[in-house]
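# Breakdown of the fold
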Amino acid sequence: MAATPVRAAAGPRVQFLRAVVRDTLPHDPQAFTEGLEFRGAILYESTGLVGESSVRAGLPGKPPSRHVELPAPYFGEGITLSGARLWQLTWDDGIAVERDPVTLLERRRVSFRGEGWGLCHQQIGGRGRLVMSDGTDRLTFRDPDTFTDTGGINVRQGGAPAAQLNELECAPDGFVYANVHMTDTILRIDPRTGTVTAHIDATGLLAASERREDQQLNGIAAVPGTNMFLLTGKRWPRMFQVSFMPR
C-alpha cells in the first residue's frame, strides 16, 4: 500500500488513544486472521493455522472474490502488497511466499531467518521497504523485491522494550501500527527512531461473551482516503471501522 513519506520524529510524549467504532461489517467467523491490508477498495486478508492458512481478497464485509490456500505444513502469518507483488509470511517455517496480487497464485518462496509475524510496506525517502515483526521488540526492514534483510530497529516505550509486536500496518501518516500479541492494545511507532508515540486501547470491540481464548485482536488496515482503520480478530464474526481518539 502506498504511503506518504515518514515525517519528522515525534517527541517522547506518548498519546493515550481509544478505538471509537464508526461502522461494523461482517467477518468470516472461521477466519483465523493474521493480516489485513487494503489496495483501493479491495481488502486482502491472510489466515493462519496449519491446514487452514489462506489468502483472500474482495470487498470488505463480503465473501472473498479470490481465495487460495497455503498448504500444510505451513502456518500463514502477515501479508503486504508491494507493487506487483504480494508477500505472505509463514510463522516458524522460515519461508516468505511471493504471490501475484491479482490471482493470488504463488510465484516463488524465499527463505528468511527467525519467525514471521506481521508485515507491511512503507514508502520512505522515495523508496519502498518492507517492515516485519517477529513477536519481539524488533522491526526488521526488508527489500520489497528480494525480501533481503536491510536492517531494522528496536521498539521502545518509556525506554523499555515494547515486545510481542504482531500484525503491522504501515499507515499513510508515516507511522507503523502494531497489534500487541494476546492484548487489545495497538502501538503507534515512529519507524525512524523505534519510539512508541501512541498507546491505543481497542478493548470492548467484540463483547466478552462472544470471545473465546483463541479469539485475539489481530488485524489492522488503514482505510484508504480516510483517517480510519479496519480492525478485526481471529475468528471474530465482525470487523470494525474505527477512529483513534483521545481517551
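These remarks concern the structure in this document. Predicted model, so just to flag it, every value in this text is computed and none were measured.

### A look at unusual backbone geometry
Put simply, Ala-72 and Pro-73 share a cis peptide bond, and its omega is 15°. Relative to the helices and strands, Pro-73 is located in the loop between strand E5 (66-69) and strand E6 (76-82). Backbone geometry places Phe-147, a non-glycine residue, at a positive phi of 70°. Locating Phe-147 in the fold gives a position in the loop between strand E12 (138-142) and strand E13 (149-154). A relative accessible area of 2% means that Phe-147 is categorised as buried.

### Some words on the side chain of Thr-90
If you trace the backbone, Thr-90 turns up in strand E7 (residues 85-90). According to the relative accessible area criterion, Thr-90 is buried, its value standing at 1%. Contacts of Thr-90, omitting those with residues within four sequence positions, involve Leu-70, Tyr-74, Phe-75, Glu-77, Ile-95, Phe-112 and Gly-116.

### Structural notes on the packing of aromatic side chains
Summed over the entire model, instances satisfying the criterion amount to seven aromatic pairs. On the basis of an interplanar angle of 40° and a centroid distance of 4.9 Å, the ring pair of Trp-87 and Phe-147 is categorised as tilted. Remark: Phe-147 occurs in the loop between E12 and E13 and Trp-87 occurs in strand E7; sequence separation between them is 60 residues. With respect to burial, Trp-87 and Phe-147 carry one shared label: buried. Positioned above the aromatic ring of Phe-141, the side-chain terminus of Arg-129 is 3.7 Å from the ring centre.

Cut-offs and rules
- Residues numbered from 1 in each chain as written.
- Predicted model: local features only at pLDDT ≥ 70, side-chain atom pairs only at ≥ 80, totals over all residues.
- Heavy atoms only, no water.
- Helix = DSSP H or I, 4+ residues; strand = E, 2+ residues; numbered from the N terminus.
- Buried < 20%, exposed > 50% of the residue type's maximum accessible area, 1.4 Å probe, protein only.
- Contact = heavy atoms within 4.5 Å.
- Phe/Tyr/Trp six-rings, centres within 6.5 Å; stacked < 30°, edge-to-face > 60°.
- Lys NZ or Arg CZ within 6 Å of the ring centre and 35° of its normal.

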